[in-house]
Amino acid sequence: MTGDPGLQPERTRLAWRRTLLALTVVTVLTVRLALSGDAVGAVLAGVAIAGWAAALALCWRRAVGSGPMRDTSRTMPVVALAAVGQAAVGVLLTVRGVW
Amino acid sequence: MWETVRRWFDPRELRSVGSTPDYRFSLANERTFLAWLRTGLALVAGGLAAAQFLPPLPLAHLREAIAVALLLLGGTVAVRAVDHWARTERAIRLGEELPASRFPAVLALAVGLGALLLVVAVLVRAVGGQ
């Protein structure tokens, strides 16, 4: 050991917090784009918020918990899926606006 | 392909191969994944911003095309980040060479080319507007 066993988990938690913060900003942008006044937009805004909340709930312990983080976990595909979901909602909203 | 996706969501499967490495390697791999994911999220944010903050462009639907291209690129970066993270984790556990990838180079070229096209578009408009 090189003497930094505590800092590795801390750096990783901080990286998680930055990532969840970025996901939050993206969600705000998605919701802003979705709320153009009609029902379909409102539903898609709901989907975006639900995906954000689910990702936050599932990754929260990894981002702000304490103690060791030795296990590999599902949080990686979950948070990536949330990002892809925001992109998909964005594509739907953009393509819908063309028609 | 679905088998691969299923494996991403099954941490036991990943832990079943090889031996558990020094946890610092796993955490470094995790942070690399998170950095890639933020890169993807930045592209998605760029697409969402283009869709709602750009004025309508002279070419029909160009604004929407830019937005969709950025959103798709961001989504691709996110999916590829998970795949690369899982393959790297597997390689670390098995003591193999880390997976090599062309993706960073391709992404850099795509972003560079996109920026160049925008510079040309801005210059053409500045000259044409005189």
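Remember, it's a predicted structure, so these values are computed and weren't measured experimentally.

**Overview of the overall build of chain A**
Right, so step 1: Helix and strand content of chain A: three helices and zero strands.
Right, so step 2: Moving toward the C terminus, one meets the helices and strands of chain A in the order α-α-α.
Right, so step 3: Relative to all contacts within chain A whose residues are 6 or more apart in sequence, the contacts with residues 24 or more apart total 71%.
Right, so step 4: Surface exposure of chain A reaches about 5200 Å², of which carbon and sulfur atoms provide 69%.

**Structural notes on helix 3 (residues 23-53) of chain B**
Right, so step 1: With 31 residues, helix 3 of chain B extends 44 Å from end C-alpha to end C-alpha; this agrees with the ideal 45 Å at 1.5 Å per step.
Right, so step 2: The buried fraction of helix 3 of chain B is high, at 22 of 31 residues.

**Some details on helix 4 (residues 62-94) of chain B**
Right, so step 1: Here helix 4 of chain B contains 33 residues, and its C-alpha end-to-end distance of 47 Å stays within 8% of the 48 Å for a straight helix at 1.5 Å per residue.
Right, so step 2: Just downstream of helix 4 of chain B, Gly95(B) is the residue with a positive phi angle, here 70°.

**A short note on the interface of chain A and chain B**
Right, so step 1: Between chain A and chain B, the contact holds 40 residues from the first and 33 residues from the second.
Right, so step 2: A buried area of about 3600 Å², summed over both sides, lies between chain A and chain B, and 72% of it is on carbon and sulfur atoms.
Right, so step 3: Viewed at the interface, chain B and chain A are joined by one salt bridge.
Right, so step 4: Here Glu30(B) and Arg62(A) are joined by a salt bridge, their closest N and O atoms 2.8 Å apart.
Right, so step 5: At the junction of chain A and chain B, the tally comes to ten residue pairs in polar contact (both at pLDDT 80 or more).
Right, so step 6: Looking at which element gives the most residues to the side of chain A that touches chain B, the answer is helix 1 (residues 7-34) of chain A, with 15 residues.
Right, so step 7: Residue composition of the side of chain A that touches chain B, by class: 23 nonpolar, nine polar and eight charged.

**Looking at the nonpolar core**
Right, so step 1: Counting residues in hydrophobic clusters, the biggest one holds 52 residues, and the most contacted among them are Trp16(A), Val79(A), Phe33(B), Leu37(B) and Leu48(B).
Right, so step 2: Among the elements of the structure, helix 1, helix 2 (39-64) and helix 3 (75-98) of chain A together with helix 3, helix 4 and helix 5 (103-128) of chain B are those that each provide at least two residues to this core.
Right, so step 3: The element that contributes the greatest number of residues to this core is helix 3 of chain B, accounting for 13 residues.
Right, so step 4: Discounting chain neighbours no more than four positions away, the residues touching Phe33(B) are Met76(A), Val79(A), Ala80(A), Ala81(B), Val82(B) and Trp85(B).

**Some points on the side chain of Glu64(B)**
Right, so step 1: Topologically, Glu64(B) is positioned in helix 4.
Right, so step 2: Among all residues touching Glu64(B), those that are not within four sequence positions of it are Thr94(A) and Val98(A).

**Brief notes about unusual backbone geometry**
Right, so step 1: In this structure, His61(B) is a non-glycine residue whose phi angle is positive, near 65°.
Right, so step 2: With respect to the helices and strands, the residue His61(B) is situated in the loop between helix 3 and helix 4.

**Observations regarding the confidence of the model for chain A**
Right, so step 1: The pLDDT averaged across chain A works out to 89; a share of 89% of its residues lies at or above 70.
Right, so step 2: Per-element averaging of pLDDT across chain A places helix 2 of chain A at the bottom with 93 and helix 1 of chain A at the top with 95.

**Quick notes on the packing of aromatic side chains**
Residues and elements named next belong to chain B.
Right, so step 1: For the structure shown, the criterion picks out two aromatic pairs over all chains.
Right, so step 2: Arranged with centres 6.3 Å apart and planes meeting at 50°, the rings of phenylalanine 33 and tryptophan 85 form a pair that is tilted. Residue phenylalanine 33 is located in helix 3, and its partner tryptophan 85 is located in helix 4; the two are separated by 52 residues in the primary sequence.
Right, so step 3: Phenylalanine 33 gets classed as buried once you look at its relative accessible area, which sits at 2%.
Right, so step 4: Arginine 80 extends its terminal NZ or CZ atom over the ring of tryptophan 36, reaching a point 4.9 Å from the ring centre.

**Remarks on the environment of Arg17(A)**
Right, so step 1: As for its placement among the helices and strands, Arg17(A) is situated in helix 1.
Right, so step 2: Along the backbone, Arg17(A) and Ala50(A) are 33 residues apart, and their C-alpha atoms lie at a distance of 19 Å.

**Considerations on the side chain of His84(B)**
All names here are of chain B.
Right, so step 1: Positionally, histidine 84 belongs in helix 4.
Right, so step 2: Note on histidine 84: relative accessible area 15%, which makes it buried.
Right, so step 3: For histidine 84, the residues in contact, after removing those within four places along its chain, are Pro99 and Ser101.

Conventions and cut-offs
- Residues numbered from 1 in each chain as written.
- Chains lettered and ligands numbered in written order.
- Predicted model: local features only at pLDDT ≥ 70, side-chain atom pairs only at ≥ 80, totals over all residues.
- Heavy atoms only, no water.
- Helix = DSSP H or I, 4+ residues; strand = E, 2+ residues; numbered from the N terminus.
- Contact = heavy atoms within 4.5 Å.
- Areas by Shrake-Rupley, 256 points an atom, 1.4 Å probe, with all protein chains shown as cover.
- Expected span 1.5 Å × (residues − 1).
- Buried < 20%, exposed > 50% of the residue type's maximum accessible area, 1.4 Å probe, protein only.
- Buried area = accessible area lost by both parts, 1.4 Å probe.
- Salt bridge = Lys/Arg side-chain N within 4 Å of Asp/Glu carboxyl O.
- Polar contact = N/O pair within 3.5 Å; in protein donor to acceptor, adjacent residues only side chain to side chain.
- Nonpolar A, V, L, I, M, F, W, Y, C, P; charged D, E, K, R; others polar.
- Core = buried A, V, L, I, M, F, W, Y, C linked by side-chain atoms within 4.5 Å.
- pLDDT = per-residue confidence, 0-100.
- Phe/Tyr/Trp six-rings, centres within 6.5 Å; stacked < 30°, edge-to-face > 60°.
- Lys NZ or Arg CZ within 6 Å of the ring centre and 35° of its normal.

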